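This is what each chain is made of:
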Amino acid sequence: MRKKIILVTGAAGEIGTALIEQLLFQKVENVLALDIRPVDERLRSKVIQVVGDICDRALLERLISEYEIETIYHLAALLSTRAEFTPEAAHRVNVEGTLGLLQVAGEQSDWRGEPVLFIFPSSVAVYGLPDLQTKRQFSKVREWEWNYPRTMYGCNKLYCEMLGIYYSEYYRQLAIERPVTLDFRSVRFPGLVSAYTVPSGGTSDFGPEMLHAAAKDQPYACFVRPDTRIPFMAMPDAIKALIGLASAKREQLTRRVYNVTSFSLSAAEFREMVIKAFPKAQITFEPDLKRQGIVDSWPEDMNDNDARKDWGWNPEYNLERSFTEYLVPNIRRRYQH
Ligand code: AKB
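Residues numbered from 1 in each chain as written. Predicted model: local features only at pLDDT ≥ 70, side-chain atom pairs only at ≥ 80, totals over all residues. Heavy atoms only, no water.

Things to note about the overall build of the protein
Here's step 1: Across its full length, the protein carries 12 helices and 14 strands.
Here's step 2: Over its C-alpha trace the protein gives a radius of gyration of 20 Å, about what one expects of a compact globule, namely 20 Å for 337 residues.
Here's step 3: Expressed as a percentage of its 337 residues, the buried residues of the protein come to 57%.
Here's step 4: Considering only residue pairs separated by 6 or more positions, the protein has 77% of its internal contacts joining residues 24 or more positions apart.
Here's step 5: Just so you have it, the protein exposes about 15,100 Å², and 51% of that area is on carbon and sulfur atoms.
Here's step 6: Across the protein, the 42 positively charged side chains and the 44 negatively charged ones have centroids separated by 3 Å. (Helix = DSSP H or I, 4+ residues; strand = E, 2+ residues; numbered from the N terminus. Rg over C-alpha atoms; globule rule 2.2 N^0.38 Å. Buried < 20%, exposed > 50% of the residue type's maximum accessible area, 1.4 Å probe, protein only. Contact = heavy atoms within 4.5 Å. Areas by Shrake-Rupley, 256 points an atom, 1.4 Å probe, with all protein chains shown as cover. Lys, Arg positive; Asp, Glu negative; His and termini not counted. Charge placed at Lys NZ, Arg CZ, Asp CG, Glu CD.)

Laid out in structure tokens, this is it:
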């Protein structure tokens, strides 16, 4: 008999580390952590760790010969800024990597006679607004609006959402006997802010970078204009969203892809919140026009009413609580202020 597992890809990343911590806290014992880097040292003895590439088909085959996968949290991805430097490599990881896992999940679903749950974090980067006037006018986008991404990462995320829906609902639709298909569910995240990790390779990174630099007494030059506004969310809420969507009953869900968000603020307001906590912070603005262009195409906010209505999504940390109860105290402890 194969051991039943929950597979987490991108397990050593920001979201992966926080998700595994929460799963372990909830006494989930069968986590298989897959990443090209080893996972956080504190987690190593508590998970089945596999260091490897999600694009390695032989590795995936070996995993399914050994383990029965019940749920996949597929977090591995190259983020929006990094992906622009190597768009084809990003496509390989973000799209081909996802396709390989969807195939594995599809085969496993049919083999078990029960859908494998496939949880996929998508992003605000799937949206692309043409100019600032339109961005101001359509400030709280719905899931089906403005799906015209301007980055390789945004294109990859949007397409993988479609692939997930295809593998769940239409895979082998002409076969005489339809296979049991997987159960794909996705949340579109805003910029995420963690107290414990600094993101790398994203374009929403100016928020968390500003905060962590201030906590370390380091000067920071923000790479977007002060008036740049996008949505954000504290990491514990991101984990709450992933686990909340995974736990929802299938019949509650009217969509497979949901916006989730918490608060929207401009880079200038982000700076104010940071300075409230770290009055000596030296934060200046030196916009990088190219990265600015990416963030300008993202909406100011997202409408997450469907997530709230269908599966009870409700962020625990609004702007004030995110800073005063989660980010500032934990970051202070981390850098020992
Ligand atoms: C990025 O900036 O690429 C990510 C995202 C918004 O998905 N943080």
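Some details on the site of the ligand
Here's step 1: Taken together, the neighbourhood of the ligand is formed by Leu79, Ser80, Ser123, Val124, Tyr153, Gly202, Thr203, Ser204 and Trp298.
Here's step 2: In the model, an oxygen atom of the ligand is placed 2.5 Å from a nitrogen or oxygen of the serine 80 side chain.
Here's step 3: Interatomic distance of 2.7 Å between a side-chain N/O atom of serine 123 and an oxygen atom of the ligand.
Here's step 4: For the ligand, the accessible surface in isolation is 260 Å², of which the surrounding protein chains cover 91%.
Here's step 5: Among the cavities detected, the one that contains the ligand is the largest pocket.
Here's step 6: Split by residue class, the shell around the ligand holds four nonpolar, five polar and no charged. (Near = heavy atom within 4 Å. Polar contact = N/O pair within 3.5 Å; in protein donor to acceptor, adjacent residues only side chain to side chain. 1 Å grid on protein atoms, 1.4 Å probe; cavity = no way out; pocket = protein on both sides within 12 Å on 5 of 7 lines; lining within 4 Å. Sits in = over half its atoms within 2 Å of the grid points. Nonpolar A, V, L, I, M, F, W, Y, C, P; charged D, E, K, R; others polar.)

Considering the nonpolar core
Here's step 1: Counting residues in hydrophobic clusters, the biggest one holds 83 residues, and the most contacted among them are Val8, Tyr73, Phe189, Phe206, Val274, Phe278 and Trp311.
Here's step 2: At eight residues, helix α8 (residues 235-247) tops the list of elements feeding residues into this core.
Here's step 3: If sequence neighbours within four positions are ignored, phenylalanine 189 has contacts with Ile15, Pro121, Ser122, Ser123, Val124, Met233, Ala238, Ala241, Leu242, Val260 and Met302.
Here's step 4: Listed in part, the 28 residues of the second largest apolar core include Leu7, Val95, Leu101 and Leu182. (Core = buried A, V, L, I, M, F, W, Y, C linked by side-chain atoms within 4.5 Å.)

Quick look at the pairing of strand β10 (residues 229-234)
Here's step 1: Most of β10 sits out of view: five of its six residues are buried.
Here's step 2: Two strands pair when backbone bridges link them, and strand β8 (residues 191-193) and β10 are joined in this way by three bridges, in the parallel orientation. Bridging across to β10, leucine 192 finds its partner in methionine 233.
Here's step 3: One ladder, built from four bridges, connects β10 with strand β12 (residues 263-266); its direction is antiparallel. Bridged to arginine 229 within β12 is serine 266. (Pairing = 2+ DSSP bridges.)

Observations concerning the side chain of serine 80
Here's step 1: Within the secondary structure, serine 80 sits in helix α3 (residues 80-85).
Here's step 2: Classification of serine 80 by relative accessible area gives buried; the value is 2%.
Here's step 3: Those residues in contact with serine 80 that lie beyond four places of it in its chain are Tyr153, Gly201, Gly202, Thr203 and Trp298.

Re helix α6 (residues 152-169)
Here's step 1: Between its terminal C-alpha atoms α6 stretches 26 Å, which fits the 26 Å expected from 18 residues at 1.5 Å a residue.
Here's step 2: Tucked inside the fold, the buried residues of α6 contact α3, α4 (87-112), β5 (117-123), β7 (183-189) and β11 (257-259). (Expected span 1.5 Å × (residues − 1).)

Description of the layout of surface pockets
Here's step 1: Considered as a void within the structure, the largest pocket measures approximately 1,000 Å³ in volume.
Here's step 2: In this structure, the largest pocket is lined by 44 residues; those nearest its centre are Gly13, Leu75, Ala77, Leu79 and Ser200.
Here's step 3: Within the residue set of the lining of the largest pocket, elements represented by two or more residues are α1 (14-25), β2 (31-35), α3, β5, α6 and β8.
Here's step 4: Take the lining of the largest pocket: its biggest share by element is four residues, from α1.
Here's step 5: Partitioning the lining of the largest pocket into residue classes produces 21 nonpolar, 15 polar and eight charged.
Here's step 6: In this structure, the second largest pocket is lined by 20 residues; those nearest its centre are Ala18, Glu21, Tyr196, Pro236 and Ile239.
Here's step 7: Sorting the residues of the lining of the second largest pocket by element identifies α1 and α8 as the ones contributing at least two each.
Here's step 8: No other element matches α8, which puts six residues into the lining of the second largest pocket. (Points joined across faces, edges and corners; volume = space filled by probe spheres on them.)

Distances and angles like these do not, on their own, reveal function.
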